[in-house]
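Per-entry structural report
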Amino acid sequence: MVNDPRELGVRANAIRHRNLIMLNRAGLGHTGGDLSAADILTTLYFSILNIDPKAPAKPDRDRFILSKGHCAGVLYTTLAEAGFIPLNELDTFMQPLSRLNGHPNRNKVPGVETNTGALGHGLPVAIGAALAAKLDDAVWRTFVLTGDGELQEGSNWEAAMAAAHYKLDNLVLIIDRNRLQQGDATERTMHLEPLGDKWRAFGWSVQEVDGHDHALLLNTFRNVPFEPGKPSCVIAHTHKGQGVSFMRDRAEWHHRVPSKDELTVALDELGENGHGSTL
Amino acid sequence: MAQLFDCRDAFANALVNLARTDCRIVTVVNDSIGSSKVANFGKEFPGRLVNVGIAEQNMVGIAAGLANGGKLPFVCAASCFLTGRALEQIKVDLAYSNANVKLCGMSSGLAYGELGPTHHSIEDLAWTRAIANMTVVVPADPIETEQAIYAAARFKGPMFLRISRMPVPIIHPADYQFEIGRAACLREGNDITLIANGTVVVRALEAAALLTERGVHARVLNMATVRPIDRDAIVEAATQTNGIVTLEEHTIYGGLGSAVAEVVVTTHPVPMRILGIPGVFAPTGSAPWLLDHFGLTPIAIRDAALELIEARQTA
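A brief report on the enclosed structure follows. Quantities reported herein were computed from a predicted structural model and do not represent experimental measurements.

1. What to know about the overall build of chain A
The number of helices and strands found in chain A is 9 helices and 5 strands. Relative to a compact globule of 279 residues, whose C-alpha radius of gyration would be 19 Å, chain A shows 17 Å and is just as compact. In terms of overall dimensions, chain A has a C-alpha envelope of 50 × 45 × 35 Å along the principal axes. In chain A, the proportion of contacts linking residues at least 24 apart, taken out of those at least 6 apart, comes to 74%. Each charge sign in chain A was given a centre, from 28 positive and 34 negative side chains, and these centres are 2 Å apart.

2. Regarding the packing of helix H1 (residues 5-26) of chain A against helix H2 (residues 31-48) of chain A
All names here are of chain A. It is the contact of H1 with H2, at a shortest axis distance of 9 Å, that shows an interaxial angle of 140 degrees. Relative to H2, the element H1 lies oblique. Read as a crossing pair, H1 and H2 show a hand that is right-handed. Together, Leu8, Arg11, Ala12, Ile15, Arg16, Asn19, Leu20 and Leu23 of H1 and Thr31, Asp34, Leu35, Ala38, Asp39, Thr42, Thr43, Phe46 and Ser47 of H2 make up the contact between the two elements. Split by residue class, the contact of H1 with H2 holds 8 nonpolar, 5 polar and 4 charged.

3. Considerations on the side chain of Ser258 of chain B
Residue and element names in this part refer to chain B. Within the secondary structure layout, Ser258 lies in helix H10 (residues 256-267). On the basis of relative accessibility, which here comes to 15%, the residue Ser258 falls in the buried class. A polar contact of 2.8 Å, which involves the side chain of Ser258, links it to the backbone nitrogen of Gly254. Sequence-distant contacts of Ser258, defined by excluding residues within four places in its chain, comprise Arg129, Ile252, Tyr253 and Ile274.

4. Side note on the sheet that holds strand S2 (residues 142-147) of chain A
Residues and elements named next belong to chain A. Pairing in this open sheet of 5 strands is parallel, and the strands run S1-S2-S3-S5-S4 from one edge to the other. In this open sheet, the two strands that pair with only one neighbour each are strand S1 (63-66) and strand S4 (205-210). Averaged over all pairs of adjacent strands, the angle between strand axes in this sheet comes to 20 degrees, irrespective of strand direction.

5. Thoughts on the interface of chain A and chain B
Contact with chain A, which involves 26 residues of that partner, is made by 25 residues of chain B. For the pairing of chain A and chain B, the buried interface totals around 2100 Å² over both sides, and the portion due to carbon and sulfur atoms is 51%. Counting the contacts that link chain A with chain B gives 1 salt bridge. The tally of links between chain A and chain B comes to 17 residue pairs in polar contact (both at pLDDT 80 or more). The biggest single contributor to the side of chain A that touches chain B is helix H4 (residues 122-135) of chain A, with 8 residues. Here the residues of the side of chain A that touches chain B sort into 12 nonpolar, 8 polar and 6 charged.

6. Structural notes on empty space enclosed by the protein
Tallying each qualifying case throughout the model produces 3 cavities of 30 Å³ or more. Considering only enclosed or pocket space, the largest cavity measures out at about 90 Å³ in volume. Around the largest cavity, the lining comprises 14 residues; the ones closest to its centre are Pro139, Arg162, Ser164, Gly198 and Thr199 of chain B. Taken together, the residues of the lining of the largest cavity sort by class into 6 nonpolar, 6 polar and 2 charged. One number sums up the size of the second largest cavity: a volume of about 70 Å³. Lining of the second largest cavity is provided by 13 residues; of these, Tyr45, Ile51, Asp62, Gly111 and Glu113 of chain A occupy positions nearest its centre. Residue classes in the lining of the second largest cavity are distributed as 7 nonpolar, 1 polar and 5 charged.

7. Thoughts on the layout of surface pockets
For the largest pocket, the calculated volume is near 540 Å³. Lining the largest pocket are 30 residues; nearest its centre among them are Arg61 and Arg106 of chain A together with Ala67, Asn68 and Lys156 of chain B. At 3 residues, helix H3 (residues 56-68) of chain B tops the list of elements feeding residues into the lining of the largest pocket.

8. Things to note about H1 of chain A
Residues and elements named next belong to chain A. Over its 22 residues, H1 runs 31 Å from end to end, which matches the ideal 32 Å to within 8%, given 1.5 Å per residue. The N-capping residue of H1, defined by a side-chain oxygen 2.9 Å from the backbone nitrogen of Arg6, is Asp4. Positive backbone phi, approximately 75 degrees, marks Gly27, located one or two places after H1.

9. Concerning the sheet that holds strand S14 (residues 272-277) of chain B
Whether parallel or antiparallel, the strands of a sheet pair through hydrogen bonds between backbone atoms. All names here are of chain B. Spatial strand order, S9-S11-S10-S13-S14: 5 strands in an open sheet with mixed pairing. The sheet terminates laterally at strand S9 (184-187) and S14, the two strands that pair on one side only. Adjacent strand axes in the sheet meet at a mean angle of 25 degrees, parallel and antiparallel pairs treated alike. When strand S10 (residues 192-196) meets strand S13 (residues 244-251), the two strands line up parallel, connected through 4 bridges. By the bridge assignment for S13, Ile195 is matched with Thr246.

10. Observations regarding the pairing of strand S11 (residues 218-222) of chain B
Within a regular strand, the side chains alternate between the two sheet faces. All names here are of chain B. Burial runs high along S11: 5 of the 5 residues are buried. Side chains Ala218, Val220 and Asn222 project from S11 onto one buried face, and the interleaved Arg219 and Leu221 project onto a second face that is buried too. Across 3 bridges, S9 lies against S11 in antiparallel orientation. Within S11, the position partnered with Ala184 by the bridge is Asn222. Relative to S11, S10 runs parallel, the two sharing 5 bridges. By the bridge assignment for S11, Leu194 is matched with Val220.

Conventions adopted
Residues numbered from 1 in each chain as written. Chains lettered and ligands numbered in written order. Predicted model: local features only at pLDDT ≥ 70, side-chain atom pairs only at ≥ 80, totals over all residues. Heavy atoms only, no water. Helix = DSSP H or I, 4+ residues; strand = E, 2+ residues; numbered from the N terminus. Rg over C-alpha atoms; globule rule 2.2 N^0.38 Å. Contact = heavy atoms within 4.5 Å. Lys, Arg positive; Asp, Glu negative; His and termini not counted. Charge placed at Lys NZ, Arg CZ, Asp CG, Glu CD. Axes fitted to C-alpha atoms, helices over the stretch in contact; angles between N-to-C directions. Parallel < 35°, antiparallel > 145°, perpendicular 65-115°, else oblique. Left-handed = near helix turned anticlockwise from the far one by under 90°. Nonpolar A, V, L, I, M, F, W, Y, C, P; charged D, E, K, R; others polar. Buried < 20%, exposed > 50% of the residue type's maximum accessible area, 1.4 Å probe, protein only. Polar contact = N/O pair within 3.5 Å; in protein donor to acceptor, adjacent residues only side chain to side chain. Pairing = 2+ DSSP bridges. Buried area = accessible area lost by both parts, 1.4 Å probe. Salt bridge = Lys/Arg side-chain N within 4 Å of Asp/Glu carboxyl O. 1 Å grid on protein atoms, 1.4 Å probe; cavity = no way out; pocket = protein on both sides within 12 Å on 5 of 7 lines; lining within 4 Å. Points joined across faces, edges and corners; volume = space filled by probe spheres on them. Expected span 1.5 Å × (residues − 1).

The values reported here are purely geometric and, on their own, carry no functional implication.
In structure tokens, the structure reads:
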């Protein structure tokens, strides 16, 4: 477990570094969303989750469900950094017969808890897992990361009701609130605000954080549940393309991948092995 | 007139029996405790009856998560809403993830006849059997229903079971052993084969009895598992009886008849007749009336078989 937020920052940048190389090699992927979620995944995998790469299916593990499955890239990079899959396997991302599909598959990749890719699926599955733990009086927890645009899927709101109804204080929803979706800003496409109030109205305990501040993320995740008897919702304010100036907050980087030249500039910004970014 | 039974009773009893010895079993419903007949389950295992309200997408996702957490969920909901409303969850959360969840499509087929096409579930077999990893089972009577539930609990992986509320007689012996993927031969015969499942198996048997009056000895197969289908039984029937009539309480597009035809045309082509709902939204009426309306009477089945035999002889 990493306790130093600065070390988490270094690791997150290393993950961004590997991620961009992987996306460039594959010529496919979701660059912007990968970069926006990198700090959240790094904090969870290196400081919060009770998981073991040597026993990825141990029954008492914490579950992490990536509902925004199109950001499989950052999940694979994180799983590789955490020792669930070999680092050099990242070179096979989206190649023929690779187990690293464009969207994660639990039957192929150790550490993946459920198959995602279609949006609005992760939260209901996470509720089922949290409910199973409650039925067994078990202490393991379930974390689920959704995109913000993804919340336009109605299934999330069915789930929002159920999580509060079942008092799932062992469930943590993290919303990657980068305010951009594939085509445009979320608020211009189908507005979501007041987002925190919506979750509160559904019976959740809500905290909003800077999704790139490792000290804040650490502190927030260590303090779940925020209230006993209520599911916790973390609205993580992030920037799509975080870490690379020309990608940051640009909708077109939703699923554009860096060319060789763009990669050179991006890696330069991130610093040697990703150890130097300031963004 | 033989005594008629509601297969949901056998289903509910089997589920309670299983739950007594297998603490993994949970039942997930969408405000359908009464229509799924799981009130007794809830009385005996209150914590293990999860009612998600009227929210089928969430219901199937929750079931996948429960399986992820080590539970063995049986999801019970009206088949029309379970399969139709949550089809992508069935594909992604259950089948693609290979989640150990059993979907019980209650009141399937035309059981809600009078309520109209919103409540008819005559596409559920086509939808579920098109999805990789899915096992699809349609029991025909209370004995087979009970056996199928036990088999589902032993089977690891996603499964769809179609449970009717339409009263049916007992057609299997008490010691019948249901096996996933294996057809049951209910009547021997080498002139033609009738293949059915679910509520219309009894109609196939009645049609076979009528055929003997015309000197035609029909084989009757109960094809309870639609996927994986019993290829050997179908090839044997095609080879030995030279003609197949299928009947189902389902649209003829993509259901049992289609599944049988896929095997027949790629192995031993013989003439077939596929009886069922002919690709239309059904009018209102009771389930038995609708089955009669769509030509699933014993006489109409007999005539379809005779017509096939005649066509075969003149060909």
